[in-house]
Amino acid sequence: MFMLISKFPKRVSPKILIKALFAFVLIFCFNTLLVAQKNVQIKGTVKDETGKPIPGASVRVKGTTSGVTCTDLGTFTISVPANQKLVVSATGYTAKEIVVAADAKTANVTLTQFVTELGSVVVIGYGTQRKEAVTGSVATISGDKLNEIPSANISQALQGRVAGVEISQTDSRPGSTMQIRIRGTRSLNASNDALVVLDGIPFPGSIGDIDPGEIKSIDILKDASATAIYGSRGANGVILVTTNKGRQGAKPHITYNGYYGIKNAIKYPMMNGADFWKLRQTANLYRTSPGADEDTTGKTNTDWQDLLYQTGYVTSNDLSVTGGTEKGSYQIGGSYYKDQAVIPGQYYTRYSLHSAIDQEIGKFVRIGFTTNNSYGITNGATLNAGTALSTTPISNPYNADGSLKRTVKMTMDENWVYTKQSLNALGNQFVDLTRAFNSYNNIYGELKVPGVPGLKYRANIGLNYRQSNYGGYTGYGFNSSSATTISSATISNSNTTNWAIENLLTYEKTIAGKHKISATALASSEQTAYWYSTINATGIQNDAFQFYNMGAVTDPNGQITVNPNNQSAWKRGLVSYMGRVMYSYNDRYMISAAVRSDAASVLAPGHQWHNYPAVSAGWNIAKESFMQNVKAIDNLKVRIGYGETSNQSVNPYQTLGTLTPVGYNFGTTNTTGYNVSLLPNPSLGWEYSKTWNYGVDFSILKNRLSGTIEYYSQKTNDVLQSVSLPATAGVGSVLQNIGNTQNKGFELALNGTILENKNGWTWDAGINVYSNHNKLLSLASGATQDVNNWWFVGHPIDAIYDYQKIGLWQTTDKDYQYLQTYEPGGNAGMIKVKYTGTYNSNGSPTRAIGAADRQILDMQPKFEGGFNTRVTYKGFDLSIVGAFKSGGTLISTLYGATGYYNMESGRRENVKIDYWTPTNTNAKYPNPAGIINSNNPKYGTTLGYFDASYLKIRTISLGYNFNPKWMKAAGADRMRVYITAQNPLVLFSPYHKESGQDPETNSYGTQNQAVTNYPYRMLVVGSNTPSTKNFIIGCNLTF
Amino acid sequence: MKHIHIKHLMGSVLIVFFLAGCSKVLNETPQSTYTPVYFSTVNGVTGGITALYANLRNFYGNGYYLDACQVGTDESTYGQNADQNFKDLDLSGVGQVTGTSSRSDVLWNAIFPTINTASGVIQYGTAAGVSSSLIAEARFFRAFDYFMLVQTFGGVPLDMGSGILKFNTSAVRTSSRNTVPDVYTKAIFPDLDTAIANLPATGRVTGGVTKTLASLYLAKAYLTYGWWLENPNNIPTYPTCARTDPNGHNAQWYYQQAYNVATAAIQNPGPFGLMATFYDLNVATNDRNKEVLFYADHSLSTQYGGLTSTSYSSGGSPDNFAGWMEQFNYTGISSAKTAAWTSTANTVQRASVQDLGRPWTEICPPIGVFKNTFADKTNDSRYDATFTTVYRSNMAEAGLPQTTYYNANALPITEGSPVLTFLNNDTTAGLVDYSNSVYKSAIGAGVLPGRADYVIEPSAISRIKYPGNWKLGPYRTDNGTGLGNPNAGSTRPWNIAKFSELFFIAAEAAVKGAATTAVTGTYANDGTARGLINIIRARAGTWRWSHAGNTAYAVNNSAAMIAATPATVDINFILAERSREYFGEGYRWYDLVRTQTWGQYGTPYTICGTAWTDRTQVTVNRTIPVTYYIRPIPQGQLDAMLMSDSLKASYQNPGY
């Protein structure tokens, strides 16, 4: 086996890896076999420091797995070989060893409780630290807490739970993950995504690949003094994910967690037939033609959303076994998760397998591995609500005989009849399937250097593989007005391999009982390789083939396309060295200093290396003698930290420039040319951030109330920016290091126990509030604005550049007499936008409203946060998790101009609005019969901006823990059943008030709209699969 | 045992250290993308030239660029479905032309990258070992591109960042404009001279540029520059400069050069020439014919043919979607299922055939086009082969359940029957019954006694119903027996330049005083403006096929056409003739601007309103300031430049 391991670095073959993994699993399972000896009978009681019995404590013969569990009265009986040691342990207590004398009959043991949370251990990257000694900004959330909310992935589970961690929905389809921003955005073109580290190794995959049920804890490093040890990857914060492990010496436990829930769509607010008919008449642009599928009297009222949506469901089943041997531990788990959307054919399924094994060999060596594997299936990702939202309610989907039409013809458009019935009837005519297999593996070996106590060497090897295989097929006429529209099939494959090797030396020493030193040195390198290919074929006539035979193009008009712009391959590598020293004196004064040096392949030669210093210090004031009399304060710590981090998350080969292929046909001769699309930049270097962090941790009233307050200030320099050049430069863009950004913010997290077992009632509550103020400090060459990218110095990175709606033009307005000067061709009831020009002496404007009047509209919220509360009484528990946001701008493309759902022209179905008419002048929306620009009311984009504030309850859960006695009788340790309502309530939100919709975004800025106007980075509400209200029933069982 | 394990572990540790120090991890070698270094190879340079052709699709065939070339002239106004993209350019009080709305941005944004690629080819081509005739193609493109720019915007920058006419590799975010004479004398003329010297007579590839094409553009550039130097109507230019030629010539000299170059090209046509009839020139089955010198090619291929999808386009380059603009929504025409007119059906459905296509109703021809420009619809075949005047039923392709429907006067119609006809002339007042009381056309069309088709008189042409521009209609080879894919971009080439224009250029130069000499060869004539134009008019009088009648029609009206030519051909006659020859193809705004007659021709125009039933002619006045003879610099350019507001303001053309 070891021979296998030693071979890995030479050639990283997935085959060998998989074989080795299986070998590991088998051999360690056999290690649990035992040998029996001659025994004595011992009876005893296990109690805590106050003398209360500890039910369920484990008593075990050292070096074996043979043992018993204490009764509810804390008593146990065990038969032990003479002169053996017993190990007594219980959750929340420090384990104790006792020696059983040859003649002993009884043994009473007292266990000491861990010193609450402060004594707990925090994962800080390349090691752990007692929470008490942490000097950086680290937030920890346990897997138990995380899994109080049933969630599809880590990002969903974290939403609203940690101060400073903003999690935004970018997609509402099954299987989608959310965007994680730790303390804001700082980069313009490089990635703003946090680094995820899975079991110690930087995680190259998709966060949706990790089964949240397998998570033991998540530790989030927020400030640079904590993240600098990740150097070039630390600028956006680090999320350390630790998966479940077995416990050395613990008995095997089987845990099952499962739930099932139904999902109901929150419908988009569209007009009904009568309202729509009225709008069409008012707009007077489109008239229903006889013979079209629209009712010429406006009486038909088809709810296309009702015809499309079904009840969706979500289910998750997690099963795992954990246990340990004398010198080893193991964990094996598997899970199944499925989310079926409200749109038929759209679903996500994930199967996962997780295992962790750890084994000591002799005195000095320890080895182990963790493996996380999953297989995810996504189908129907291209389906959405768009067609249902654009088909007029007065169009009739049924033929006279009651059968469904293929298409409905409106005045200008002909839409495919997009209903669940027609989708379900597609059979082989439609498939849209992504199958992703991934395997994330971490193998480690640890060596205690003999003769030097406290010195350890550890090697971590990460071997990761991800494959995503897409196949799509649409048969003739699918979703097209023409039944003969040719069939189309696409296949694509992406593969990612990643290896990482870390060599760590750690040294720990305590001098004179008060000086604690811990030092770490790291040398590491890693490389990720990615390759992607895709082929498209049209004219496959046998539906059954779908995309499985791309060569079977039998239609003479079919073609096979291998577009050179859609193939890709890249490699990126990173070489790093890091050193860190942490020192604490008497647990009162702590200091930590680190320096890391990184080189990245994606930067230009000569600019590849950068150094990252970090230092932080803390003072545990509560431990000072002068505080000993202040009984109310249990803990008080102040911290300060400074660190540098950077960002190299730009695409490979950007320093070299790019030629983009373009195809052309000279008559029937096809050939490919090239355009310069990106200029080379031989001086592309690091974008780096400097952060100061100040924090106070406290707990008072016998730890009933604890909290953290932090303030940070971060400046990012040499921002990697894709500079879009004016057309006259002849080249679209170049990537440069220019500009500076800043993030300043404040975070508060409070956790309190309001009632502690008062008459059986316990009530805990927690809240986190944070605000982040992002600002662009400078752009390229002293520019104050980059209009094309919507970047403006002094404003946040995300700012809208558009006209500012100040109302509608009313005939009673004082300046109405100048309407034609302001707006040539304008009319009463049109959108009135702010004019910034000068005026003539008579009060008339000197020019028409135009480009110069565009305004910079900040999108940034004032503050946001989350809250959670949990009440328990006897076996019952009720928890509520909520989130809130104050201020900021929500872009709804449903109401704005880019979705084409609020054209007010009566051409297509319209979102339900109150619009201006000569008799309804007090409306919010403009006159449908007014001036039109790009198919929408002029300045229609301004209609899509809403106050983004909201307060919503994300989940309410009611659980019941069955009486441990009954469980015992049934052979189980613990069983909890619960019901959960997800998305049950929006308590405050201007957008919700008007639309009845969820106030969260569901698309990137360029998605789920008819035309693009917003940058991709800006999240918007579009016509994605609708949000849902879910009702879930679930069960947690351990035995 | 344990000892051995440790040994192996140590071994693995050593390997790990070795790998960690490996600097290979930091090297970059792209395996799927090209870098600009590729331009130093023959294949790279050739690929650059291919891109020059492909980039034509970024404005030719783009409906919004066609909009900028047409709307506001006597040929075009905005249609019923038009938004501000079209209304702004109409200059009739329904919008305003600004840097954001001019739609000339389509040209501006597409053309500079092409110029830069051309400069790269010219600069590196010889060193890479590319032949001079290939480099001449790049020279043609650079000259052509600058000629398009200087006609549209006035003076434009010759230095894109790395020096005058140099391949730009620097990330400059400033720009400064050269004057009009600079652009002509430093870029356009020298490049075209070199191009003519080195280009082949027959294209290197199908649709490849040739000596004849370069001659056409040189002649046109001389002519245009001659007008600019002469400036008869005192139209301002920008950047401001004296109307003197750096080469010391006057307008007259350039008119003469235009004449000489154009007539020489007519005398030595190479493989090019006029098609026998105007119909044959424009019918889709004859695409890429000998009369078309230059086109942005398209095909059914999504990878090469500039087609974003074979079934649907949202209307953007590189799709060829300009043909959708000038087509009205004929799909609303209704016929009856029974002779008693109890229920109705749409008997002309949206189809990808040249007569029909996707109806966006954005650009509309004013009534003057039918009454004045194409007053002669019987001798001159060009009216017949410019418009779809007869909308025929495609009930079979549409898969309608019946083979006979009932139309006007309850008369039966079948597959291919005319359902709607735009009449050549107005009839006796009141003869056409537009009431739609019995026979509900649903589009406000009228009924003439005894005719099964609905009719519309020229006076009833409105912003919502007008004959579609047949020349630009789609054509596909994959329709089968159905309607095809009318919502996709057109798979036809977009014609940019035709052999016939050489006659117009020479004639215009002659009108402007160029000394004439008799032209010999296939197109022999006396070399006067009248003689040259009559070659075109004679061809226009030749019929082979009646488009409106959908039948063979071998008639030769050439003599009548020639007889109708005025004794003295003046600029007005040339402009009218150009409008008949190139109607709606994107020539008009440039023609009116070159000849400084936009103010005269652009206003007023007459059209009926936007409701189907509207038959009230409205005369609309346009306001055409002299500063509008050059289009505004696009706002995107101004936004992207890093310059002071005052410098940006002076970069913009005055009046915007």
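Below, the structure is looked at part by part. The structure displayed is predicted, hence computed values, not measured ones.

1. Comments concerning the sheet that holds strand 4 (residues 75-81) of chain A
All names here are of chain A. The strand order 4-1-7 describes an open sheet built from 3 strands, whose pairing is mixed. The strands lining the two open edges of the sheet, one partner per strand, are strand 4 and strand 7 (106-111). Each strand axis lies, on average, 35 degrees off the axis of its neighbour in the sheet, ignoring direction. In the sheet, strand 1 (residues 39-48) pairs with strand 7 via 6 bridges, with the strands oriented parallel. By the bridge assignment for strand 7, Thr45 is matched with Asn108.

2. Quick word on helix 6 (residues 273-283) of chain A
Residues and elements named next belong to chain A. Among the residues of helix 6, those classed as buried are Gly273, Phe276, Trp277, Leu279, Arg280 and Ala283. Summarising the axial view, the buried residues of helix 6 lie within an arc of 160 degrees, below the 170-degree limit, and thus occupy one face. Exposed side chains of helix 6 directed beyond 90 degrees from the buried face belong to Ala274 and Lys278. Its side-chain oxygen 3.3 Å from the backbone nitrogen of Ala274, Asn272 forms the N-cap of helix 6. At the exit of helix 6 stands Asn284, carrying a positive phi of roughly 55 degrees.

3. Things to note about the packing of aromatic side chains
All told, the structure shown has 102 aromatic pairs over all chains when counted by the stated rule. With a centroid separation of 5.0 Å and an interplanar angle of 25 degrees, the aromatic rings of Tyr126(A) and Tyr230(A) are classed as stacked. Taken as a pair, Tyr126(A) in the loop between strand 8 (121-123) and strand 9 (128-130) and Tyr230(A) in the loop between helix 5 (224-227) and strand 16 (238-243) lie far apart in primary sequence, 104 residues in all. The pair Tyr126(A) / Tyr230(A) is uniform in exposure class, with both members buried. Lying across the ring of Trp809(A), Lys832(A) places its NZ or CZ 4.4 Å from the centre. Just above the ring of Trp589(B) sits the side chain of Arg631(B); from NZ or CZ to the centre is 4.1 Å.

4. Considering the packing of helix 12 (residues 501-511) of chain B against helix 13 (residues 529-540) of chain B
Residue and element names in this part refer to chain B. Orientation of helix 12 relative to helix 13, taken along the N-to-C sense of each, is 160 degrees, at an axis distance of 8 Å. Looking at the two axes, helix 12 sits roughly antiparallel to helix 13. Here the hand of the crossing between helix 12 and helix 13 comes out left-handed. Contacts between helix 12 and helix 13 involve Phe503, Phe504, Ala506, Ala507, Ala510 and Val511 from the first element and Ala529, Leu532, Ile533, Ile535 and Ile536 from the second.

5. So, the pattern of salt bridges
The full count for this structure, using the stated rule, is 72 salt bridges over all chains. Put simply, Glu291(B), Asp380(B), Arg382(B), Arg537(B), Arg539(B), Glu577(B), Arg580(B) and Glu581(B) are held in one network by salt bridges that share partners.

6. Some remarks on the pairing of strand 56 (residues 1028-1038) of chain A
Residue and element names in this part refer to chain A. In terms of burial, strand 56 is a largely internal element, 8 of the 11 residues being buried. Relative to strand 56, strand 54 (residues 974-988) runs antiparallel, the two sharing 9 bridges. In the strand pairing of strand 56, Gln982 is matched with Asn1030.

Reading the values: the criteria
Residues numbered from 1 in each chain as written. Chains lettered and ligands numbered in written order. Predicted model: local features only at pLDDT ≥ 70, side-chain atom pairs only at ≥ 80, totals over all residues. Heavy atoms only, no water. Pairing = 2+ DSSP bridges. Helix = DSSP H or I, 4+ residues; strand = E, 2+ residues; numbered from the N terminus. Axes fitted to C-alpha atoms, helices over the stretch in contact; angles between N-to-C directions. Buried < 20%, exposed > 50% of the residue type's maximum accessible area, 1.4 Å probe, protein only. Arc of directions from axis to C-beta. Polar contact = N/O pair within 3.5 Å; in protein donor to acceptor, adjacent residues only side chain to side chain. Phe/Tyr/Trp six-rings, centres within 6.5 Å; stacked < 30°, edge-to-face > 60°. Lys NZ or Arg CZ within 6 Å of the ring centre and 35° of its normal. Parallel < 35°, antiparallel > 145°, perpendicular 65-115°, else oblique. Left-handed = near helix turned anticlockwise from the far one by under 90°. Contact = heavy atoms within 4.5 Å. Salt bridge = Lys/Arg side-chain N within 4 Å of Asp/Glu carboxyl O.

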